[in-house]
Amino acid sequence: MNPGTTALSVMFAIVALGSGIGFLAAKRRQLNLEEWAVAGRGLGVVLVWILLAGETFTAFSVLGISGWIYSKGGPTLYILGYLTLGQVLCFFIGPPIWEYGRRHGIQTLGDFFGKRYGSDLIAAIVALAGVVFLIVYLQLQITSLGIIVGVASFEAVGRTPAMLAATVVVAGFVLVSGVRGVVWVSALKDFLLVAVAVVVGIWIPYIHFGGIGAMFAAVEHARPGHLTMPGSTPNYGHSWYVSTILVNSLMFTWPHFFGAIFTAKSGETIRKNAIMMPFYILPLALIVFAGCAAILVAPGLKNGDLALLSAVRETFPPWVLGVIGGAGALTAMVPAAIHILTAATLVAKNVYRPLFAPAMSDDNIGRVARVAVVVITAVALYLSVHSSTTLVGLLILAYSGVGQFAPGIVLGIYSRRVTSAGILSGLLAGLALTGYLVFTHRDPVGGINAGLVGLSANVVIVAAVTYLFPRPCTGSLPVQEEPQGAL
Amino acid sequence: MRKPSIWSILLASVPFFGMCFSVALWDRLEPHVLGLPFNLFWIVAWNAFTPAVLLVIYRIERHR
């Protein structure tokens, strides 16, 4: 067999196994909206861990981390910082969100805003913005998948057919199995991906340089200044690092992350999960090693995202490339599935129902969500095939944009005074300012992440409107202080 | 919802100082540790250490 066929067969076998698991995961379960969207709030620590790890460790982050260390250098460290700090925040904010969600039967980020602030309008705005950000993120997973399959098959499979086939499969198991299917595919993918990280992170430096220390010494010698900040970028220095970590560590504001909180059995599950999660981030450091080795092993690539796979292709026999390609494809498919599922639920529950069918039952909303799955998948596929440079701007906006949901979530949980008018005006101002800065290429603003600038304006406006126009709350407040001895 | 204790919040800010605000102090190549540039080693070490911090907070919050 020629190398392309070998790699492709191995890759196909892994993807087929993963998809099979996805389709069978929800067998014998009654798939109502609650089961489909939040797994009936029944997942234990291990499964929630696998789900959240699946959301965090995406194909875009794997290609992105190795691509960034290859082309930008030192600033890449922010990724290893914000993921863990995000867990520290989730440790505190997760359990009260879970508790509020159980009390009010909440399944989505839009539900939370609608219930807490007593306004379908806020819910719909949050849902719509969330869906836009999710589709951008989804499009990047699909594009990453196209790159992975293309390189791993020695260009035997074109990017467009690869993206098309994989995305149809993803939409299929989302429709059949819901979030539970995603969890089980993620279990296989996590196992493979950690194995891949260990192999590429240790083996590539050993084969080409004789060791990890020798590899770093060689890179530091060849590219002085590359591995500290700002590395090979003009303006990603220390203030950018600090401000970006602060914004990105608000990752509980991502609609899919927020939704995953409700799959847990208890608030306790969320806490335990946050304690364990940083260990899963350690394999990402190995991906940094591999991306760093690629600087000298596969020099001169125009697109840094190809760095890891090119280094792998220079180093390993085709079947290993097939395993890595298969693991990589699943790594794109798992988050893609979660993004599709979350966006579809948001559209059906928080946009379609209040606008067109206020009296519709949850079962029927579940059917609308299935239709939304097909539409959202089609839109993301279209964007992936016709991707343009504005989408990179959209991604930066997506990361900075979801952070603007933070005041509504955090104050919604911890403050009784905050008003819906305050939250809505702050949110709109934050989104508008961040969007303006990103699309007029002013990000980072004087070295500060545009999302943090938007968030500061957001918080100031929330506080000002709340104090100037105090109003009794029209939504459902979280339950305050349990009576003494209740715990 | 019951707010976390002041000790828990102080402890939780420790990893933020270690990994985020203090970046200017440790963003350099020397001394290399286990062959890694110092900044990479530092951030990996904090990733490994943060679960211990969270475990202590977990104990504090459970006893309240």
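Each value, and the rule that gives it
- Residues numbered from 1 in each chain as written.
- Chains lettered and ligands numbered in written order.
- Predicted model: local features only at pLDDT ≥ 70, side-chain atom pairs only at ≥ 80, totals over all residues.
- Heavy atoms only, no water.
- Helix = DSSP H or I, 4+ residues; strand = E, 2+ residues; numbered from the N terminus.
- Buried < 20%, exposed > 50% of the residue type's maximum accessible area, 1.4 Å probe, protein only.
- Areas by Shrake-Rupley, 256 points an atom, 1.4 Å probe, with all protein chains shown as cover.
- Rg over C-alpha atoms; globule rule 2.2 N^0.38 Å.
- Contact = heavy atoms within 4.5 Å.
- Salt bridge = Lys/Arg side-chain N within 4 Å of Asp/Glu carboxyl O.
- Polar contact = N/O pair within 3.5 Å; in protein donor to acceptor, adjacent residues only side chain to side chain.
- Nonpolar A, V, L, I, M, F, W, Y, C, P; charged D, E, K, R; others polar.
- Axes fitted to C-alpha atoms, helices over the stretch in contact; angles between N-to-C directions.
- Parallel < 35°, antiparallel > 145°, perpendicular 65-115°, else oblique.
- 1 Å grid on protein atoms, 1.4 Å probe; cavity = no way out; pocket = protein on both sides within 12 Å on 5 of 7 lines; lining within 4 Å.
- Points joined across faces, edges and corners; volume = space filled by probe spheres on them.
- Expected span 1.5 Å × (residues − 1).
- Patch = residues over 30% accessible without salt bridge, like charges linked within 9 Å, V, L, I, M, F, W, Y side chains within 5 Å.
- pLDDT = per-residue confidence, 0-100.
- Lys, Arg positive; Asp, Glu negative; His and termini not counted.
- Phe/Tyr/Trp six-rings, centres within 6.5 Å; stacked < 30°, edge-to-face > 60°.
- Lys NZ or Arg CZ within 6 Å of the ring centre and 35° of its normal.

Student: An account of the overall build of chain B is requested, with residue identities and associated values reported.
Tutor: Looking only at helices and strands, chain B has three helices and zero strands in total. Of the regular secondary structure in chain B, the N- to C-terminal order runs α-α-α. Taken along its principal axes, the extent of the C-alpha atoms in chain B is 45 × 20 × 15 Å. Counting the 64 residues in chain B, one finds 45% classified as buried. A total of about 3300 Å² of accessible surface is found on chain B, and carbon and sulfur atoms cover 75% of it.

Student: Kindly report on the overall build of chain A, identifying the contributing residues and their values.
Tutor: Helix and strand content of chain A: 19 helices and zero strands. Here the C-alpha atoms of chain A give a radius of gyration of 22 Å, agreeing with the 23 Å that 2.2 N^0.38 yields for 487 residues. If one aligns the C-alpha atoms of chain A with their principal axes, the spans along those axes are about 65 × 55 × 50 Å. Within chain A, the proportion of its 487 residues that are buried is 61%. Here the analysis covers contacts within chain A between residues at least 6 apart in sequence; of these, 86% occur between residues at least 24 apart.

Student: With reference to specific residues and values, describe the pattern of salt bridges.
Tutor: Working definition: two side chains of opposite charge can pair if their charged atoms are close together. Residues and elements named next belong to chain A. Enumeration over the complete set of coordinates arrives at seven salt bridges over all chains. Across the pair lysine 349 and aspartate 111 runs a salt bridge, and its minimum N-O distance is 2.8 Å. Separated by 238 residues along the polypeptide, lysine 349 in helix 14 (residues 318-356) and aspartate 111 in helix 6 (residues 109-117) bring together distant segments of the chain. Owing to a relative accessible area of 10%, aspartate 111 belongs among the buried residues under this scheme.

Student: Help me get a handle on the environment of A:Gly408, residues and values and all.
Tutor: All names here are of chain A. With respect to the helices, strands and loops of the structure, glycine 408 is situated in helix 17 (residues 406-414). Glycine 408 gets classed as buried once you look at its relative accessible area, which sits at 3%. Taking the C-alpha atoms as reference, glycine 408 lies 17 Å from threonine 434; in sequence the two are 26 residues apart. Other than its neighbours up to four places away in sequence, glycine 408 contacts Phe112, Phe113, Tyr117 and Ile423.

Student: Which residues make up the interface of chain B and chain A, and what values go with them?
Tutor: Tallying the contact residues gives 34 residues for chain B and 43 residues for chain A. Counting the contacts that link chain B with chain A gives zero salt bridges. Counting across the interface, chain B meets chain A through eight residue pairs in polar contact (both at pLDDT 80 or more). Only helix 1 (6-21), helix 2 (23-26) and helix 3 (38-62) of chain B provide two or more residues apiece to the side of chain B that touches chain A. Partitioned by chemical class, the residues of the side of chain B that touches chain A number 23 nonpolar, six polar and five charged.

Student: Any details on the packing of helix 5 (residues 77-104) of chain A against helix 1 of chain B? Residues and values, ideally.
Tutor: Closest axis-to-axis distance for the helix 5 of chain A/helix 1 of chain B pair is 10 Å, and the angle between their directions is 170°. Taken together, the axes of helix 5 of chain A and helix 1 of chain B are roughly antiparallel relative to one another. Note on element contacts: helix 1 of chain B touches helix 5 of chain A through B:Ser8, B:Ala12, B:Pro15, B:Phe16, B:Met19 and B:Cys20, opposite A:Leu80, A:Gly81, A:Thr84, A:Leu85, A:Val88, A:Leu89 and A:Phe92. In terms of residue class, the contact of helix 5 of chain A with helix 1 of chain B is made up of 10 nonpolar, three polar and no charged.

Student: Describe in detail the packing of helix 3 (residues 45-56) of chain A against helix 8 (residues 159-209) of chain A, supporting the description with residues and values.
Tutor: Residues and elements named next belong to chain A. Orientation of helix 3 relative to helix 8, taken along the N-to-C sense of each, is 80°, at an axis distance of 9 Å. Of the possible angle classes, the one that applies to helix 3 and helix 8 is roughly perpendicular. Residues Leu47, Ile50, Leu51, Ala53 and Gly54 of helix 3 form the contact with helix 8, whose participating residues are Val179, Val182, Val183, Trp184, Ser186, Ala187, Lys189 and Asp190. For the contact of helix 3 with helix 8, the per-class residue count stands at nine nonpolar, two polar and two charged.

Student: Before we move on, can you summarise empty space enclosed by the protein with the specific residues and values?
Tutor: Residue and element names in this part refer to chain A. Following the criterion strictly, the structure yields five cavities of 30 Å³ or more and no others. Mapped by element, the contributors of at least two residues to the lining of the largest cavity are helix 3, helix 11 (255-261) and helix 14. Counting residues per element, the ones that place at least two in the lining of the second largest cavity are helix 4 (59-71), helix 8, helix 13 (307-315) and helix 14. A total of four residues in the lining of the second largest cavity trace back to one element, the largest contributor, which is helix 14. A breakdown of the residues in the lining of the second largest cavity according to their chemical character gives 11 nonpolar, two polar and no charged.

Student: Outline helix 7 (residues 120-152) of chain A, listing residues and values.
Tutor: All names here are of chain A. Across its 33 residues, helix 7 extends 47 Å between first and last C-alpha, which sits within 8% of the 48 Å expected from 1.5 Å per residue. The opening residue of helix 7 is serine 119, an N-cap whose side-chain oxygen sits 3.2 Å from the backbone nitrogen of leucine 121. Just beyond helix 7, the residue with positive phi is phenylalanine 154, at close to 50°.

Student: How would you explain a nonpolar patch on the surface if you had to name every residue and give the values?
Tutor: Residues and elements named next belong to chain A. On the surface, a cluster of nonpolar side chains totalling about 270 Å² of accessible area is made up of Phe23, Leu24 and Val176. Among the secondary structure elements, valine 176 is positioned in helix 8. A relative accessible area of 43% means that valine 176 is categorised as partly exposed.

Student: Please provide a residue-by-residue account of the confidence of the model for chain A, values included.
Tutor: In this model, chain A carries a mean pLDDT of 86, and residues with pLDDT of at least 70 account for 95%. Between residues 481-487 of chain A, whose pLDDT stays under 50, and residues either more than four places distant or in other chains, the model counts five contacts.

Student: An account of helix 12 (residues 267-297) of chain A is requested, with residue identities and associated values reported.
Tutor: Along an α-helix, residues three or four positions apart point the same way, because every turn accommodates 3.6 residues. The end-to-end C-alpha distance of helix 12 of chain A, which contains 31 residues, comes to 47 Å, matching closely the 45 Å that a straight helix rising 1.5 Å per residue would cover. For helix 12 of chain A, a buried count of 25 out of 31 residues is recorded, marking the element as mostly surrounded by other parts of the structure.

Student: A description of the side chain of A:Arg116 should follow, citing residues and the corresponding values.
Tutor: All names here are of chain A. Mapped onto the elements, arginine 116 comes out in helix 6. Buried arginine 116, no salt bridge; nearest opposite-charge side chain is aspartate 120, N-O distance 14 Å. At 2.7 Å, the side chain of arginine 116 and the backbone oxygen of glycine 412 are in polar contact. Not counting chain neighbours up to four residues away, the residues in contact with arginine 116 comprise Tyr100, Leu411, Gly412, Ser415, Arg416, Val418, Cys473, Gly475, Ser476, Leu477 and Pro478.

Student: Please give an account of the side chain of A:Thr331 that cites residues and values.
Tutor: Following the sequence through the fold, A:Thr331 ends up in helix 14. Here A:Ala327 takes part through its backbone oxygen, which lies 2.5 Å from a polar atom of the side chain of A:Thr331.

Student: Give me the packing of aromatic side chains: which residues, what numbers.
Tutor: Here a ring pair, both rings aromatic, is described through the centre-centre distance and the interplanar angle of the planes. All names here are of chain A. Under the criterion given, the structure shown has 28 aromatic pairs over all chains. Seen from their ring centres, phenylalanine 133 and phenylalanine 405 are 6.4 Å apart, and the 50° between their planes marks the pair as tilted. Here phenylalanine 133, found in helix 7, pairs with phenylalanine 405, found in the loop between helix 16 (390-402) and helix 17; they are 272 residues apart in sequence, far enough to count as distant. Overall, phenylalanine 133 belongs to the buried group, its relative accessible area being 6%. Among the aromatic residues, ring-to-ring pairing joins Tyr100, Phe112, Phe113, Tyr117, Phe133, Phe258, Phe262 and Phe405 into one connected group. When the ring centre of tryptophan 68 is taken as reference, the NZ or CZ atom of lysine 72 above it lies at 4.6 Å. Positioned above the aromatic ring of phenylalanine 91 is the side chain of arginine 271, whose terminal nitrogen or guanidinium carbon lies 5.6 Å from the ring centre.

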